[in-house]
Amino acid sequence: MTVDEAKDFNDLFIEIRPALYTRVVQLLGDPHEAEEVVQEVYLKISAQKARQNFESHPNKVAYLLVTAKNIIRDSWRRRQRLSRTLALEQALDTERSHDGGLQECEDRLVVAALLSSLTAREAAAIRLVDIESYSLEEAGLLLGVHWGTVHRNRQRGLRQLRAKFDGIGSTGSRQVKKSRGQGPPSVSPHQPPHEKSQGEHVVKTSTAPMPTASERDDDPRTPLNRLTRLLDPGSPVMLHEPDEIATTTVRGQIDGLKVIAFCTDATRRGGALGLAECARIAEAIDLAAGEGCPIIGLWHSGGAKIGDGIESMHGIGQIFAAMIRASGVVPQISVVLGPAAGGAAYGPALTDLVIMAPAGRIFVTGPDVVSSVTGEKIDMEGLGGAEAHGRKSGVAHVTAESEDAAFDTARRLADLLGRPGSFRVGAAGPPKDLRALLPESPRRAYDVRPLVHEIVDDGDFLELQPKWAANVVIGLGRLGGGTVGVIANNPLRKGGCLDSLSAEKSARFVRMCDCAGIPLIVLVDVPGYLPGVGQEWSGVVRRGAKLLYAFAEARVPRVTLVTRKSYGGAYIAMNSRSLGATAIFAWPEAEVGVMGAESAVRVLHWKKIAAVPEDEREPMRARLIEQHREANRDLDHGVRLGVIDGVIDPSQSRVRMLEVFAAQQEGGRAGRGKHGNIPL
């Protein structure tokens, strides 16, 4: 390396060094050790070949971070080998010196025998995390895999051990003592610090009986009362021993469906969350993701414990990270039963569905802070109540009339998402005259919801966000026994036009159904996008693009049914063939075109109309409009192009859609999106 090359390399490394140091500190939690690792990275990259690879790499910070991780992994592996050697020597010395050492060696043999029944990956995960007290992140680095893989392997191994060996993971705790080298100090983000003591690791208890009513105050806000009202009678089993931590997590059932649930304890400091409470919630979410079952959170919390400072904020961040890891993996449902303020406000917002009871309140800052900062006077209900979030913000998907009604809704959603069922063509039932639900005049508005209720089984349709962006109806139901998501333009509101809010509402719902593996029915009666300065300024282009992206990205089967009209850009956005629709049907009177007949005549034939005498203009305009309308009704042209699969009788709508879904399911073509459900 020449002097100039060395100077250029040093200048580049000095520029990148702060970002690298920050990332390494996040990995290790020890600034002094991070400094040593950064120095080792510099020495390693200084070599001629490594320097050339580094300088040509497009993301230099990422390249250096990979090098740092390799250095850390090699260092920990050396320490692990040393710690095992020292532990073996200590065990042998202890055995020779007193009888207690023999029992310790026997414990090691028992553990080895148990782990021998597992796969190598499962045994390695349990050994590192539960015996040698490494955090999931440390174990991932040692094994060269993502920490989430370690978590899943560990969960699978523990389930097998519980099934094969009596007493493993029961209400008693097993303590395994061990020695360990001086690895980087780290506490697992999924366990409260008090669960570890110096020189030993306590394997967490799997279950504990729910406390009886006599053991707790008969307060309806306690986790005991709320969780027993949510879950099947007798099914809740605590995932931890009863303690003073203001969060309870349980395993239970909803109509026989296995779920994990947690509840903040409003009777203890208003449900405020410290690191221990947050770690317990995060562990429950990770457990649900590992077992593939829905997770339901009951929220009544004032947010982070103020007295705990940054520790509580770090804990709440762990909850957010766990929710994001589980997003798109398992259904996440939040039930807000009281105030959910500060950090506790974002918890429900990160989940798939939010249900608000009458006493539910969601806000980042309370009325007093709002008043002191902005001068605005408002109470808690007006700021973050069910009406505010059900009609104005769209945060709440369902606003319930009572706490029990909120629990019933959570049970329905868990059943629809967690037990999607299968599609049976024989369950379509007799034909229904769906056309009779629409007005005779194509210009008259109507409410699309009766049509939706007639399409789904038994009229059982659970609408989501009914008061927000009401020009589009979204919700869940079943068709022939299988769960479906429904999106429908509603001409009763804004003529059924798409606008910025309805496009965003629909896009998020499409992505939720896609990552949950729920097929979609799209009922189209749309004149286009709503015009206006307000729409352009509110981001109709940006938000409308979200709907295009969501449908084009989706992998679940989805069927479009055009009932009356589908014009312009809204035709494309409402699950067109170009965006990958599985099937597209249209009723005989439906119109499909670039724009409506009146607008098209105004644009295309204004010169021709202006050229005739004034008394002949209206008859000519009416004649041209009718001609254009007939052209839009030429659905056979769309069939020939392959953008429409068939023109069907309205009474055959249910069975035709059901046939598509059943064929996709039987042919193994019912896909599922591999993405999270970001709150769009």
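Notes on the structure in this doc start here. Because the structure is a prediction, the values reported are computed rather than measured. (Residues numbered from 1 in each chain as written. Predicted model: local features only at pLDDT ≥ 70, side-chain atom pairs only at ≥ 80, totals over all residues. Heavy atoms only, no water.)

Comments concerning unusual backbone geometry
Put simply, the rule reads: Helix and strand labels come from DSSP, where a helix needs a run of H or I of at least four residues and a strand needs a run of E of at least two; each type is numbered from the N terminus. Throughout this description, buried means an accessible area under 20% of the type-specific maximum (1.4 Å probe, protein chains only), exposed means over 50%, and partly exposed covers the range between.
In this model, D458 sits at a positive phi of 55°, which is unusual for a non-glycine residue. With respect to the secondary-structure elements, D458 resides in the loop between α17 (449-455) and β12 (462-464). When its relative accessible area of 79% is taken as the criterion, D458 is described as exposed. One non-glycine residue with positive phi stands out, namely K494, at about 55°. Within the element layout of this structure, K494 appears in the loop between β14 (482-489) and α18 (500-516).

A word on the side chain of Q535
What counts is decided by this rule: Side-chain atoms alone can form a polar contact between residues adjacent in sequence; in general such a contact is a pair of N or O atoms within 3.5 Å, and within protein one must be able to donate a hydrogen while the other accepts it. Whether two residues touch is decided by their heavy atoms; if any such pair falls within 4.5 Å, the residues are in contact.
Among the secondary structure elements, Q535 is positioned in helix α19 (residues 533-537). The exposure class of Q535 is buried, given its relative accessible area of 12%. Polar contacts involving the side chain of Q535 include one to the main-chain amide nitrogen of S500, which spans 2.9 Å. What Q535 contacts, discounting residues up to four positions off in sequence, is D499, S500, L530 and V540.

Digging into the nonpolar core
Quick reminder of the rule: Joining through side-chain atoms within 4.5 Å is the link that ties buried Ala, Val, Leu, Ile, Met, Phe, Trp, Tyr and Cys residues into a set, and such a set is a nonpolar core.
In this structure, I296, L298, V335, I487, F509 and L547 are the most contacted members of the largest nonpolar core, which totals 61 residues. For this core, the element with the most residues is helix α16 (residues 403-418), which contributes seven residues. Dropping the residues within four chain positions of it, I296 is found in contact with L230, I254, I260, A261, F262, I333, V335 and A414. Residues A284, I316, I362 and A396 belong to the second largest nonpolar core, which totals 31 residues.

Some points on the side chain of Q465
Checked against the element boundaries, Q465 lands in the loop between β12 and β13 (472-479). Judged by its relative accessible area of 6%, Q465 is buried. Discounting residues that sit within four places of it in the chain, Q465 has contacts with G394, A396, H397, I474 and K505.

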